[in-house]
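# Structural features, examined
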Amino acid sequence: MNELDAIDRAILAIVQRDGRISNARLAERVSLSETPCARRLKRLEAEGYITGYRAELSYRALGLGVTAFVHVRFAVHDRSLSEQFEREVQAIDRIVSCHNISGSADYLLGVVATDLDDYGMFTRDVLRALPGVSSIESMLSLREVKRDTGAPLL
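To keep things clear, this report deals only with the structure shown in the data block. Small disclaimer: the values here were computed from a predicted structure and weren't measured. (Residues numbered from 1 in each chain as written. Predicted model: local features only at pLDDT ≥ 70, side-chain atom pairs only at ≥ 80, totals over all residues. Heavy atoms only, no water.)

Below, the discussion takes up the environment of Gly 19. With respect to the secondary-structure elements, Gly 19 resides in the loop between α1 (6-17) and α2 (23-29). With 55 residues separating them in the primary sequence, Gly 19 and Phe 74 have C-alpha atoms 38 Å apart. (Helix = DSSP H or I, 4+ residues; strand = E, 2+ residues; numbered from the N terminus.)

Take a look at the structure:
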């Protein structure tokens, strides 16, 4: 990867906030003409700084009123079991994030559900049945204070 200059960082900051910005508007915002701006954007994509574009959806508007953060613990630490767990987690839409962590738990999951009853059934029928899981601890979000606003461009 190449070193990022101030214009690259400005481009990244802008597209991180507005992935639908037109090249013309982006070029204007970073004080470049359109062709060099488009070239830089393509290079940032090719070099892996930009991994994709997507819409940010409202869980509440979709009827997903519960967000839970779940510590998952394994009794046995086996690589193949962890790999199987991670494959299965990838296929479950309600699990919106999964991190392999250090500390008292092995994984931290972000899970959404319609309500507490729905979350309880999901915990019982899905989370506890995942390979390797020996215990789970749920923490329910009371309200979101800050949403992922993207990577800091230090």
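Among the structural elements, Gly 150 can be located in the segment after β4 (133-140). Along the backbone, Gly 150 and His 77 are 73 residues apart, and their C-alpha atoms lie at a distance of 32 Å.

This part takes up the packing of aromatic side chains. Taken as a whole and assessed by the stated rule, the structure comprises 3 aromatic pairs. Ring centres 5.6 Å apart and planes at 40° place the aromatic pair Phe 74 and Tyr 107 in the tilted group. Residue Phe 74 is found in strand β1 (residues 66-74), and its partner Tyr 107 is found in strand β3 (residues 107-113); the two are separated by 33 residues along the sequence. Overall, Phe 74 belongs to the buried group, its relative accessible area being 6%. (Phe/Tyr/Trp six-rings, centres within 6.5 Å; stacked < 30°, edge-to-face > 60°. Buried < 20%, exposed > 50% of the residue type's maximum accessible area, 1.4 Å probe, protein only.)

Looking now at unusual backbone geometry. Look at Ser 31: it is not a glycine, yet its phi comes out positive at around 60°. Here Ser 31 lies in the loop between α2 and α3 (34-46). Using a relative accessible area of 66% as the deciding quantity, one classes Ser 31 as exposed.

Moving on, we come to the environment of Leu 142. Tracing the backbone shows Leu 142 in the segment after β4. Taking C-alpha positions, Leu 142 is 14 Å from Gly 110, a pair spaced 32 residues apart along the chain.

Below, the discussion takes up helix α5 (residues 116-125). Turning to α5, its buried residues are Asp 118, Tyr 119, Phe 122 and Thr 123. Down the axis of α5, the sector holding all buried residues measures 135°, keeping them to one side. Structural note: α5 exposes Leu 116, Asp 117 and Arg 124 on the side pointing more than 90 degrees away from its buried face. Along its buried surface, α5 packs onto β1, β2 (95-100), β3 and β4. Two to three positions downstream of the cap, the backbone nitrogen of Asp 117 sits 3.2 Å from a side-chain oxygen, assigning the N-cap of α5 to Asp 115. (Arc of directions from axis to C-beta. Contact = heavy atoms within 4.5 Å. Polar contact = N/O pair within 3.5 Å; in protein donor to acceptor, adjacent residues only side chain to side chain.)

Interpretation in functional terms is not warranted from these geometric data alone.
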